[in-house]
Amino acid sequence: MLSEIEREAIAISLKVAGSAVGWTLIPGIALAWLLARREFRGKALLDGLLHLPLVLPPVVVGYLLLISLGRQGWLGQWLDRLFGIGLPFTWQGAALAGGIMAFPLLVRAVRLSLEAVDPKLEAAASTLGANRWRVLATITLPLALPGVITGTLLAFARALSEFGATMTFAANIPGETRTLPLALYSLIQTPGQEDAAARLCALSIAIAMLALLASEWLARRARRRISERDG
Amino acid sequence: MTRLHKTDSHGLALDVTKRLGGFALSAELTFPATGVTALFGASGSGKTSLLRLIAGLDGPDDGSIRLAGETLVDTRRGVFVAPHRRRLGVVFQEARLFPHYRVRGNLTYGMPRAKRKRDTVKGPGFDAVVSLLGIEALLDRLPGTLSGGEARRVAIGRALLSEPRMLLLDEPLSGLDAPRKRELLRYIGQLAKRIDIPILFVSHVPEELTAIADHLVVLEHGRVRAHGRLEELLLRFDLTEQLGGFDAASLLEAHLVGHDERYALSTLRLADGQTLAVPRVDAPLGARLRLRVPIRDVALALLPPERTSFRNQLAATVARIDATPGGTGIGNDEVAENSAVEVGLRLGDQPLRARLTRKSLDELGLKEGMSVIALVRSVAFAEVMV
């Protein structure tokens, strides 16, 4: 049913987007908690930096990644020498680019839901003998779960559709970094591949719809659990 | 201000100052290790701020708090025990039940692990608390479906099951209707009798504290105005305004000795043998009751009046007369304030206060030591003590 190119593009896309979200979930929740619950110097600056990928042209992000993490980049040289890791032109590099582009969406959604959790409930839990971690695990996170789910799926969808930063930093290498949007772009550039391009386009829409529906369903389930779960 | 007893190593001893915006709290106090202590004052007097300092939800600017000899806070020595290590059960004004746990889950949230497996490792067990508070039927419900009174009871149970060394109740009755209030007050009263945990009860409603408190701390503008045993403070004319003003009342203790079903009345016997008829009290014969007698509902006569609707005529002795006007809290009306006098009576050993007009006082020619008849129009609140 699916052609070799399509299957490969979907597999790479899921791998890239999945690891992009997987690696940013915990830091994203931690950062969201910091922004929602703590006051500190430079909070506004951090908030601004965090939102930068949302407003910058993706190509700029890709270019910044390239000059810092490229083989000649200051961070890239160091990574190469110490660990033998080279990120540009690999699927891990694509995941990094996708993760950075998706990060603001994840943090925003989680932060909003954390801010909606009543600190009075957390104070009540602490008077009942719960330390900070137990409060986080049993009160704060469960009550913020719908937002965490929404943020995760939103970030996943954003990483899945990443084009500019990925193209710039990880390039368009078949079997390595050619995700769905990149494969579609290649087909559009090739004469006589209009049908294949249309199929890929339809596939993209289907995957995006699935992700959205899944997010809605999970978030609704989580909200119901908040009001129904047994201790 | 009353001097505190620094040697009391069982109760709670605090000496703190805290500035909150334009408001300054400065309190030096000891609470006894048993019974119910009411922390009383108008809103804005610093009651809740003080409770938050004790619970560890805020830290004082300066000072120390010690419970049973253990230092919870000492700013000079840099000690601050986190709230979750203080083992103080707090019941907040707004119940604060966890919406994603059922009542059962809320109740067990603060229970020590050992206790969850076995009943009564220490203190009352799950079943005992549940039945004491009458919440058996609520265990599988979600907090969102509970009424205000039910939610408060669950919150009290939750705090109690965390094996607290002291129970802090912050206006637990606010926002409830009168029957719920009375019911919850009865539960708290029973709690205090059955469970050996000191209770600190924050309130600005005189009826609540006269119903269950043993000790009283009166806060005013962030400072301790008075503290001591409830009965003693209720006799202080200078506190009348704080303790209810126009609604001020004295307390009488009595035993239930009979019911008159036809008129729905109950007969109570005071310690000196005199009896009172009150609207039917739902309690077993022999029960000890605490009565609240509003001082404006006590009239005085020199001879027993005949043909009167006053059911209750009690022989009493005039113990003292407070002729200084003002502070009776009748209102801002200067004339009204100047026209009222307070008379302290004795019924055997029990004190009773009456308020009358200065004119009546002069016409009756009342003097300290005179025998009079106290006419009690109503008994506002009867609390079953045992």
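Not measured: the values here are computed from a predicted model.

> How should I be thinking about the interface of chain A and chain B in this particular structure?
Quite often, the size of an interface is put as the accessible area lost when its parts meet. Tallying the contact residues gives 20 residues for chain A and 24 residues for chain B. Broken down by secondary-structure element, the contributors of at least two residues to the side of chain A that touches chain B are helix H6 (119–127), helix H7 (132–160) and helix H10 (194–228) of chain A. For the side of chain A that touches chain B, the element with the most residues is H6 of chain A, which contributes six residues. Residue composition of the side of chain A that touches chain B, by class: nine nonpolar, six polar and five charged.

> What is the right way to read the domain arrangement of chain B from this model?
Its domain assignment divides chain B into domain 1 (12–233) and domain 2 (250–385). If you average the C-alpha positions of domain 1 of chain B and of domain 2 of chain B, the two centres end up 33 Å apart.

> Just to check I follow, could you spell out the packing of helix H1 (residues 4–37) of chain A against helix H5 (residues 91–115) of chain A for this structure?
The relative placement of two packed helices is expressed as an angle between their axes plus a distance between the axes. Residues and elements named next belong to chain A. Interhelical geometry of H1 versus H5 gives an angle of 40° and a closest axis separation of 6 Å. Regarding H1 and H5, the two cross each other, and that crossing is right-handed. When its residues are assigned to classes, the contact of H1 with H5 shows 21 nonpolar, five polar and four charged.

> Sorry, what's going on with the sheet that holds strand S16 (residues 298–301) of chain B here?
All names here are of chain B. Spatially, five strands are ordered S16-S20-S17-S18-S19 in an open sheet, and the strand pairing comes out antiparallel. Here the strands that pair on one side only, and so sit at the sheet edges, are S16 and strand S19 (350–357). Across the sheet, the mean angle from the axis of one strand to that of its neighbour is 45°, orientation sign disregarded. Bridge count for strand S17 (residues 312–322) against strand S20 (residues 371–376) is six bridges, and the pairing is antiparallel. Note that in S20 the partner of alanine 316 across the bridge is valine 372.

Cut-off values and rules
- Residues numbered from 1 in each chain as written.
- Chains lettered and ligands numbered in written order.
- Predicted model: local features only at pLDDT ≥ 70, side-chain atom pairs only at ≥ 80, totals over all residues.
- Contact = placed C-beta atoms within 7 Å.
- Helix = DSSP H or I, 4+ residues; strand = E, 2+ residues; numbered from the N terminus.
- Nonpolar A, V, L, I, M, F, W, Y, C, P; charged D, E, K, R; others polar.
- Domains from an automatic or database assignment.
- Axes fitted to C-alpha atoms, helices over the stretch in contact; angles between N-to-C directions.
- Left-handed = near helix turned anticlockwise from the far one by under 90°.
- Pairing = 2+ DSSP bridges.

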